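Secondary and tertiary structure notes
Listed below are the residues making up each chain.
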Amino acid sequence: MTASEHRRAWRATWLLVAFMLVNFADKMVMGLVANPVMTELHLTREQFGSASAAFFALFSLAALGGSFLTRTVRTPVLLLGMALLWSAAQLPMLLGVAGFGVLVATRVLLGAAEGPATPVAVHHLHGWFEERDRTLPTAIFLVGAAVGVAVAAPVLGAVTAAWGWRWTFGVVGLVGLVWAAVWLRYGEEGPLAPPVGRRRVSDAPVGQRSADSAPVGRRSTDGAPVGKRPAGDTSLGGGSVPYRKLLFSRTWLSAALGAFAAFWTVSASLTWAVDYFQEVGGLGLRQASLLIMLAALAKGTAMLTHGLLVQRAGRRAAAGLRPRAPSPPA
């Protein structure tokens, strides 16, 4: 990787961290404004829970569809489209006439737009880094989710206190538009991104892969194709694996069960944590937001530390060194 590509790779990483920040700020809005929304719209907790759950109505299906679209549509275009849809889903709540029906409809749209966010963004990020170097940037990218909650909790809490709950939706919608504008200017595919609109390099036998396997039309400043690999480079693996084999593997099934448990707790905390702190704990919105921020920062620190440790272990393994075992107790 050249110095220019290295700088652009990390620029893409930090832009995607901001992408995840906006992503989780969007998710956080409903929980932060639970009390004023239920009061003004005369909703029961069951109705409010149903509106929050509407976010997941198309979330999983959209995640699958968005992942398949990476075969035919370039990831910068997909990420831009998602950010614009997020904003389109938030801004209608600024209207004074927007009630329960609009709230449910916009949450469905938001979930559909955010479903593919993480897989498509990770796919884009990996187009900038070799496999051995992906752990740290991926961990930093995922920290954006924790940072999004940590930043959104106090900032959006202050917006709610100052301008009312409708402007909380408006602010995250406007931030999404700002990110989309920056991405439109700087978003680009990496030199290792697979081609789209035709058979992927990894689907071809290793011996038939050409060095010119970079995305069509992506060229460096000197006019040469970006991402050329040396002849005989087999870093992309040995061909495609049938989805049936992947989806019934123990690795995928255990990861799916873990994701189910994780989303259960995440969705419950994003929806009800602030309401619980206020109604049961007797805290104000600012104090509840501070607790959410501290929990998110702890999560982000753990994720980043884990990423550093995994990357270090991977590099030791690549160098032929054995993992360090913990010292036995004296």
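A quick note: this is a predicted structure, and the numbers were derived from the prediction, not measured.

Concerning the overall build of the protein chain
Tallying secondary structure elements over the protein chain gives 12 helices and 0 strands in all. A total of 330 residues make up the protein chain; the buried ones form 41% of that total. Look at the contacts in the protein chain between residues 6 or more apart in sequence, and 77% of them connect residues 24 or more apart.

Focus: the packing of helix α8 (residues 135–163) against helix α9 (residues 165–186)
As a packed pair, α8 and α9 sit with axes 7 Å apart at the nearest point and diverge in direction by 135 degrees. Classified by the angle their axes make, α8 and α9 are oblique. Seen along the crossing, α8 lies across α9 with a hand that is right-handed. Note on element contacts: α9 touches α8 through W165, W167, T168, V171 and V172, opposite L156, V159, T160 and W163. Taken together, the residues that form the contact of α8 with α9 break down as 7 nonpolar, 2 polar and no charged.

Let's talk about a nonpolar patch on the surface
Side chains of L58, L61, L64, F68, V241, Y243, L246, L247, F248, W252 and L253 sit close together on the surface and give an oily, nonpolar patch of about 1,100 Å² of accessible area. For the nonpolar patch, the elements supplying multiple residues, two or more each, are α4 (59–69), α10 (243–247) and α11 (250–279). Following the sequence through the fold, L253 ends up in helix α11. Given the relative accessible area of 37%, L253 is considered partly exposed.

What to know about the pattern of salt bridges
Tallied over the full model, the rule gives 7 salt bridges. A salt bridge links K27 to E114; the nearest nitrogen and oxygen atoms lie 2.9 Å apart. One end of the pair, K27, is in helix α1 (residues 3–32); the other, E114, is in helix α6 (residues 100–114), with 87 residues separating them in the sequence. Each member of the pair, K27 as well as E114, is classed as buried. Here D133 makes a salt bridge to R132, at a shortest N to O gap of 3.9 Å. A relative accessible area of 60% means that R132 is categorised as exposed. What you see here is one network of salt bridges that share partners, running through R8, R11 and E188.

Here's the deal with unusual backbone geometry
Backbone geometry at H42 places phi at a positive 55 degrees, although glycine is not the residue there. Position of H42 among the secondary structure elements: in the loop between α2 (34–41) and α3 (45–53).

A word on the nonpolar core
The biggest cluster of nonpolar side chains holds 65 residues, and the ones touching the most others in it are F19, M28 and L79. At 13 residues, the largest contribution of residues to this core is made by α1. Excluding its chain neighbours within four sequence positions, the residues that come into contact with M28 are V149, A152, A153, L270, V274 and I292.

Details of α6
Taking 1.5 Å as the rise per residue, α6 with 15 residues should run 21 Å; its terminal C-alpha atoms sit 21 Å apart, in good agreement. All buried positions along α6 are accounted for by L103, T106, R107, L110, G111, A113 and E114. One side of α6 carries all its buried residues, which in axial view fall inside an arc of 160 degrees.

Here's the deal with the packing of aromatic side chains
Counted according to the given criterion, the structure contains 12 aromatic pairs. Taking the centre distance of 5.4 Å and the plane angle of 75 degrees together, the rings of W10 and F129 count as edge-to-face. Remark: F129 occurs in the loop between α7 (117–126) and α8 and W10 occurs in helix α1; sequence separation between them is 119 residues. Taking the relative accessible area as the measure of exposure, F129 reaches 5% and is therefore buried.

Things to note about the confidence of the model for the protein chain
Fine structural detail should not be taken from predicted coordinates in areas where pLDDT scores are low. When pLDDT is averaged across the protein chain, the result is 79; 82% of the residues are at 70 or more. Below a pLDDT of 50 lies the segment residues 198–238, which in the model reaches 62 contacts outside its immediate sequence neighbourhood of four places, other chains included.

Side note on the environment of E189
Note that E189 resides in the loop between α9 and α10. Sequence separation between E189 and P76 is 113 residues; the distance between their C-alpha atoms is 6.7 Å. At 2.7 Å, the side chain of E189 forms a polar contact with the side chain of R74.

Calculation notes
Residues numbered from 1 in each chain as written. Predicted model: local features only at pLDDT ≥ 70, side-chain atom pairs only at ≥ 80, totals over all residues. Heavy atoms only, no water. Helix = DSSP H or I, 4+ residues; strand = E, 2+ residues; numbered from the N terminus. Buried < 20%, exposed > 50% of the residue type's maximum accessible area, 1.4 Å probe, protein only. Contact = heavy atoms within 4.5 Å. Axes fitted to C-alpha atoms, helices over the stretch in contact; angles between N-to-C directions. Parallel < 35°, antiparallel > 145°, perpendicular 65-115°, else oblique. Left-handed = near helix turned anticlockwise from the far one by under 90°. Nonpolar A, V, L, I, M, F, W, Y, C, P; charged D, E, K, R; others polar. Patch = residues over 30% accessible without salt bridge, like charges linked within 9 Å, V, L, I, M, F, W, Y side chains within 5 Å. Areas by Shrake-Rupley, 256 points an atom, 1.4 Å probe, with all protein chains shown as cover. Salt bridge = Lys/Arg side-chain N within 4 Å of Asp/Glu carboxyl O. Core = buried A, V, L, I, M, F, W, Y, C linked by side-chain atoms within 4.5 Å. Expected span 1.5 Å × (residues − 1). Arc of directions from axis to C-beta. Phe/Tyr/Trp six-rings, centres within 6.5 Å; stacked < 30°, edge-to-face > 60°. pLDDT = per-residue confidence, 0-100. Polar contact = N/O pair within 3.5 Å; in protein donor to acceptor, adjacent residues only side chain to side chain.

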